[in-house]
Amino acid sequence: MKTSTPRYVKIGIAGALLIALGLTAAWFFRTTPSTIEQDLSSTTVSATDSKQIAATVQLHLPGTQPIDALIEDYDLATSIWTIVSKQYPLSDQQYRPSDLIVTGVPVMNEKSTDEKLLRSVLQADVTAMFTAAQSAGHDIVLASGFRSYSLQQRIFSGYSQSYGDIAANKFSARPGQSEHQTGLALDIAYVNRECYLAECFGEKPAGQWLAANAYSYGFVMRYPADKTTATQYQYEPWHFRYVGRSLATALHESGLTLDEARPYLQTALAELRAQKKL
């Protein structure tokens, strides 16, 4: 025989359910805002901590404000803070940057195809620098960019035969010791070749403009007249090296060359490694 639940029992159950739902809703609205607030607070702190951690390693050059260290291994040829010199040659003779491009700045047409190339990482800044120089009335071109090991070998051999090995090495790098192989260095010249690869370029309006303004675009004059002992090369007012705007500004303000800044770069690099950022 089919039986049915008495009506008063149904009403009692429904009432109990309504009371339970009401208590649950009250608890939810009382606790949820504070819980959400705590979660948001926790998220905010985590993001802040992350930013602080990312900025803990800084480069300190004498007489300048600290700058955030570039999170790269400066001992590698691929880093824009790498140093290539007589003392620190490239470890790989066959090194060739993977991002070499024609940047779009005016180039010296008679140069080899390779020498018209630079790394893409500096394209925006080299374009901005050339545009500003031309707006200031200086008709300049890229005279030499990337050079392979073999090309540098031919260039140095030619100078060595003409001037002798020791004399040649005062103004020309041996293969493997040239910044040009990084794709981050460039020689700049007048379109008409006035004072081409000569110290008098530094006395010309374009040379003076570059010396005063190149750092604003991330470039430094690599071999200044008063730093020949540090660089081990003669004065080259036409040779500029890309290091990025923050380091270029710090070098400009400190008066240091890349060679003199190396101990500070190595300190920052050691700290990056200690913090396992590399």
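The sections below set out a description of the structure shown in this document. (Residues numbered from 1 in each chain as written. Predicted model: local features only at pLDDT ≥ 70, side-chain atom pairs only at ≥ 80, totals over all residues. Heavy atoms only, no water.)

**Here we look at the overall build of the protein**
Item 1. Looking only at helices and strands, the protein features 8 helices and 8 strands.
Item 2. Here the protein, with 278 residues, has 41% of them falling under the buried criterion.
Item 3. When contacts within the protein are restricted to residue pairs at least 6 apart in sequence, those whose partners lie at least 24 apart make up 67%.
Item 4. With an accessible surface of roughly 15,000 Å², the protein has 55% of that area assigned to carbon and sulfur atoms. (Helix = DSSP H or I, 4+ residues; strand = E, 2+ residues; numbered from the N terminus. Buried < 20%, exposed > 50% of the residue type's maximum accessible area, 1.4 Å probe, protein only. Contact = heavy atoms within 4.5 Å. Areas by Shrake-Rupley, 256 points an atom, 1.4 Å probe, with all protein chains shown as cover.)

**Brief notes about the sheet that holds strand β8 (residues 236-242)**
Item 1. Read from one edge of the open sheet, 4 strands run β5-β6-β8-β7, paired in antiparallel fashion. Only two strands of the sheet have a single partner each, and these edge strands are β5 (140-144) and β7 (219-223). Geometrically, the sheet is characterised by an average inter-axis angle of 45° between neighbouring strands, direction not taken into account.
Item 2. Docked against the sheet, helix α2 (residues 123-135) engages β5, β6 (185-190), β7 and β8, running at close to 135° with respect to β5. (Pairing = 2+ DSSP bridges. Axes fitted to C-alpha atoms, helices over the stretch in contact; angles between N-to-C directions.)

**Some details on the side chain of lysine 227**
Item 1. Here lysine 227 shows up in the loop between β7 and α6 (228-231).
Item 2. Looking at lysine 227, its side chain comes within polar contact range of the main-chain oxygen of glycine 255, at 3.2 Å.
Item 3. Excluding residues that lie within four positions of it along the chain, lysine 227 makes contacts with Gly255, Thr257 and Glu260. (Polar contact = N/O pair within 3.5 Å; in protein donor to acceptor, adjacent residues only side chain to side chain.)

**Let's talk about helix α5 (residues 205-213)**
Item 1. Buried residues of α5: Ala206, Gly207, Trp209 and Leu210, and no others. The buried residues of α5 all sit within an arc of 165° when viewed along its axis, so they share a single face. (Arc of directions from axis to C-beta.)

**Regarding the pairing of β8**
Item 1. For β8, the tally of buried residues reaches 7 of 7 residues, placing the bulk of the element in the interior.
Item 2. Pairing of β6 with β8, which is carried by 3 bridges, proceeds in the antiparallel orientation. Of the residues in β8, the one forming a bridge with leucine 186 is phenylalanine 240.
Item 3. Across 4 bridges, the pairing between β7 and β8 is antiparallel.

**Some remarks on the environment of proline 66**
Item 1. By secondary structure assignment, the location of proline 66 is in the loop between β1 (58-59) and β2 (67-68).
Item 2. Along the sequence, proline 66 and leucine 247 sit 181 residues apart, while their C-alpha atoms lie 9.9 Å from each other.
Item 3. Excluding residues within four positions of it along the chain, proline 66 makes contact with Gln58, Leu59 and His60.

**Points about the pattern of salt bridges**
Item 1. Taken as a whole and assessed by the stated rule, the structure comprises 16 salt bridges.
Item 2. A salt bridge links lysine 111 to glutamate 115, with the nearest nitrogen and oxygen atoms 4.0 Å apart.
Item 3. Taking relative accessible area as the criterion, glutamate 115 reaches 7% and is therefore assigned buried.
Item 4. Measuring nitrogen to oxygen at the nearest pair gives 2.7 Å for the salt bridge that ties aspartate 259 to arginine 222. Residue aspartate 259 is located in helix α8 (residues 258-274), and its partner arginine 222 is located in strand β7; the two are separated by 37 residues in the primary sequence. Arginine 222 matches aspartate 259 in its accessibility class, with the two residues each being buried.
Item 5. Look at the salt bridges and you will find they share partners, linking Asp73, Asp75, Arg262 and Arg273 into a network. (Salt bridge = Lys/Arg side-chain N within 4 Å of Asp/Glu carboxyl O.)

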